[in-house]
Amino acid sequence: MQDLSRGDGVALWRQIEQAITQDIAEGRFEPGDRLPTEKQLAERFRVNRHTLRRAMEALEANGLVRIEQGRGSFVQEHVLDYALSERTRFSEIVSAQNRIPAGRLIDSATLPASEEVAERLNIAPGAPCIMLRMLGAADGRPITYGNNYFPADRFPNAAAVYGEKGSVTEMLRAHGVTDYRRKLTRITARMPSEDEAAMLAQPRARPILLVEAVDTDLDGVPVRYGYVRFASERVQLVFDTPEE
């Protein structure tokens, strides 16, 4: 238990906010850690839950914690700077910030290309394409959740290679594409669906960033079309423009 000063002019909820802030600053709770339950914190500070909730709301407003309905309260992770440039590589971006990248294949399918996919990949409508639905994480925390499409005739083993390597770059390289460039990036924001919120482990009340992108090989031939959802509270999209 932790005694609070009563009657000295500082509200109890403010003292709780300050105490938890100090816990985080001194490393007793690390980024991503789940905080003790509301009941445990109320017992620690010997206050009612209304007082505790006001303190937690202040911590959330200050960006120190995030409160997820039904899951609890967590120490907010450091925001990842995600550079969108001519050369955008998930693993390189995450690794450059001393975090561990990981890619996981959720599912895959060979589909006839829709009008939209065909236009982006410069293939005939109805031509076979391979869809990979994948999750990208940094230090085990979901960052991206995307649907990516590849021409099936050029990347016949896309699902198997990505499933093994967990990297689009490595999958393309295995099919002879040694380098590729970003041709199109379009960004919108919206609220997530139930599936998107679950995959990104975030509340449905928080928006996601939707990035639509086309990558081409060095000859300008499209190799990937995708739309990737980003957990907006965990990333900061940065546009890396080349120097003139």
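Here's a quick rundown of the structure. Values in this document were obtained by computation on a predicted structure and should not be read as measured data.

1. Section: the packing of helix 1 (residues 12-25) against helix 3 (residues 49-61)
Contact pair helix 1 / helix 3: the axes reach a minimum separation of 8 Å and the direction vectors enclose 50°. Of the possible angle classes, the one that applies to helix 1 and helix 3 is oblique. Crossing hand, helix 1 versus helix 3: right-handed. On helix 3, the residues that touch Leu 12, Trp 13, Ile 16, Glu 17, Ile 20 and Thr 21 of helix 1 are Thr 51, Leu 52, Arg 54, Ala 55, Met 56, Ala 58 and Leu 59. Partitioned by chemical class, the residues of the contact of helix 1 with helix 3 number nine nonpolar, two polar and two charged.

2. Description of helix 3
Compared with an ideal rise of 1.5 Å per residue, which puts 13 residues at 18 Å, helix 3 spans 18 Å between its outermost C-alpha atoms and is within 8% of the ideal. The complete set of buried residues in helix 3 reads Thr 51, Leu 52, Ala 55, Met 56, Ala 58 and Leu 59. Taken down its axis, helix 3 places every buried residue within 155° of arc, on the same side. Projecting away from the buried face of helix 3 at angles above 90 degrees are the exposed residues His 50, Glu 57 and Ala 61. Packing partners of the buried residues in helix 3 comprise helix 1, helix 2 (38-45), strand 1 (65-68) and strand 2 (72-75). With a side-chain oxygen positioned 3.2 Å from the backbone nitrogen of His 50, the residue opening helix 3 is Asn 48. Backbone geometry just downstream of helix 3 places Gly 63 in the positive-phi region, at approximately 80°.

Conventions we followed
Residues numbered from 1 in each chain as written. Predicted model: local features only at pLDDT ≥ 70, side-chain atom pairs only at ≥ 80, totals over all residues. Heavy atoms only, no water. Axes fitted to C-alpha atoms, helices over the stretch in contact; angles between N-to-C directions. Helix = DSSP H or I, 4+ residues; strand = E, 2+ residues; numbered from the N terminus. Parallel < 35°, antiparallel > 145°, perpendicular 65-115°, else oblique. Left-handed = near helix turned anticlockwise from the far one by under 90°. Contact = heavy atoms within 4.5 Å. Nonpolar A, V, L, I, M, F, W, Y, C, P; charged D, E, K, R; others polar. Expected span 1.5 Å × (residues − 1). Buried < 20%, exposed > 50% of the residue type's maximum accessible area, 1.4 Å probe, protein only. Arc of directions from axis to C-beta. Polar contact = N/O pair within 3.5 Å; in protein donor to acceptor, adjacent residues only side chain to side chain.

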